[in-house]
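Here is how the chains run, residue by residue.
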Amino acid sequence: MSFLQRLLVVIAVAVLLFGVLMIFSFDIIKIDWVSFMEIQPSFKPMEHPLPVAARSIPIEGAAYIPGQGAPSNPVPADPVSVERGRILYSVTCIQCHGPKADGNGVIGGALMFQPANLTGDVVQNKPDGALFLTISNGIQGTGGQIHMPALNENLTVRDRWDVVNYIRTLKATVTATPTSTTTAATTATPTPKP
Ligand code: HEC
């Protein structure tokens, strides 16, 4: 073997050894590689909601036309809708607005802004469409702080109207018993009308 051939063999063996070594040191050296999952860009739920593409048409039809005021409620408040609303409320709203919808949810107290009492007159005197817009767009303070997150990504248009129909039943139960003894217990446990 010439010197050159021997050199080539040595290099080949060295490369092979290095390659085998790298297989085992791969997890020790920890070189970030583009395909590693933890360094890929990702979005957490509700983080930077993507805007709807321009000129796109919602498959459910337009929920409302911006600038044209609150929409009217197209979903009749039948037992099915109210029951759907009750279930959706217990998934999407209860953490903040509480099981009694009085604004005392589990995390409600930890928020900078106290969630509204949904059984009270302030909310109940608003038209269905206003509640729908609140659920859809959330509530933003003048300083840009989010008081209540927009839930249009969590609830379909139909879902939102169901929740509105359910919220209406909370008032009905609370004010249905003003003549009798309106104790704290009766006002505190608004059960949805069937
Ligand atoms: C992250 C907590 C949070 C969640 C979840 C949440 N809300 Fe709210 N909501 C708030 C807070 C806080 C306010 C009061 C904001 C303020 O006073 O500026 C509020 C206010 C409201 C109001 C009163 C609006 C008004 O104009 O008086 C309505 C109605 C309402 N929420 C409905 C809902 C419904 C329905 C859901 C579920 C679909 C929901 N919210 C989910 C925190 C939340």
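Note that the structure is a prediction, hence the values are computed from the model and not measured.

**Student:** Hey, could you go over the overall build of the protein chain for me, with residue numbers and the actual values?
**Tutor:** When you go through the protein chain residue by residue, the secondary structure sums to 7 helices and 2 strands. When the helices and strands of the protein chain are read in sequence order from the N terminus, they spell out α-α-α-α-α-β-β-α-α. Counting all 194 residues of the protein chain, 15% fall into the buried class. For the protein chain, restricting intrachain contacts to residue pairs at least 6 apart in sequence, the fraction spanning at least 24 positions comes to 56%.

**Student:** Can you lay out the site of the ligand for me, pointing to particular residues and giving the numbers?
**Tutor:** Near the ligand lie 22 residues; those nearest to it are C93, C96, A116, H147 and M148. For the shell around the ligand, the secondary structure elements donating two or more residues are α3 (94-97), α4 (121-124), α5 (128-137), β2 (146-148) and α6 (157-175). A class-by-class count of the residues in the shell around the ligand yields 17 nonpolar, 5 polar and no charged.

**Student:** Please set out unusual backbone geometry residue by residue, giving values where relevant.
**Tutor:** Residue R55 is not a glycine yet carries a positive backbone phi of 60°. Within the secondary structure, R55 is located in the loop between α1 (3-29) and α2 (79-92). In this structure R55 comes out as exposed when scored by C-beta crowding, with 5 C-beta atoms within 10 Å.

**Student:** Hey, could you go over α5 for me, with residue numbers and the actual values?
**Tutor:** For α5, the set of buried residues is L131, F132, L133 and I135. Where α5 ends, the next residue or the one after it, G138, has phi of about 70°, a positive value.

**Student:** Can you lay out the confidence of the model for the protein chain for me, pointing to particular residues and giving the numbers?
**Tutor:** Looking at the protein chain, pLDDT values average 83 and 86% of them are 70 or higher. When pLDDT is averaged over each helix and strand of the protein chain, the minimum, 45, is found for helix α7 (residues 184-188) and the maximum, 96, for α2.

Rules used throughout
Residues numbered from 1 in each chain as written. Predicted model: local features only at pLDDT ≥ 70, side-chain atom pairs only at ≥ 80, totals over all residues. Helix = DSSP H or I, 4+ residues; strand = E, 2+ residues; numbered from the N terminus. Buried ≥ 20, exposed ≤ 12 C-beta atoms within 10 Å, placed from the backbone. Contact = placed C-beta atoms within 7 Å. Near = placed C-beta within 6 Å. Nonpolar A, V, L, I, M, F, W, Y, C, P; charged D, E, K, R; others polar. pLDDT = per-residue confidence, 0-100.

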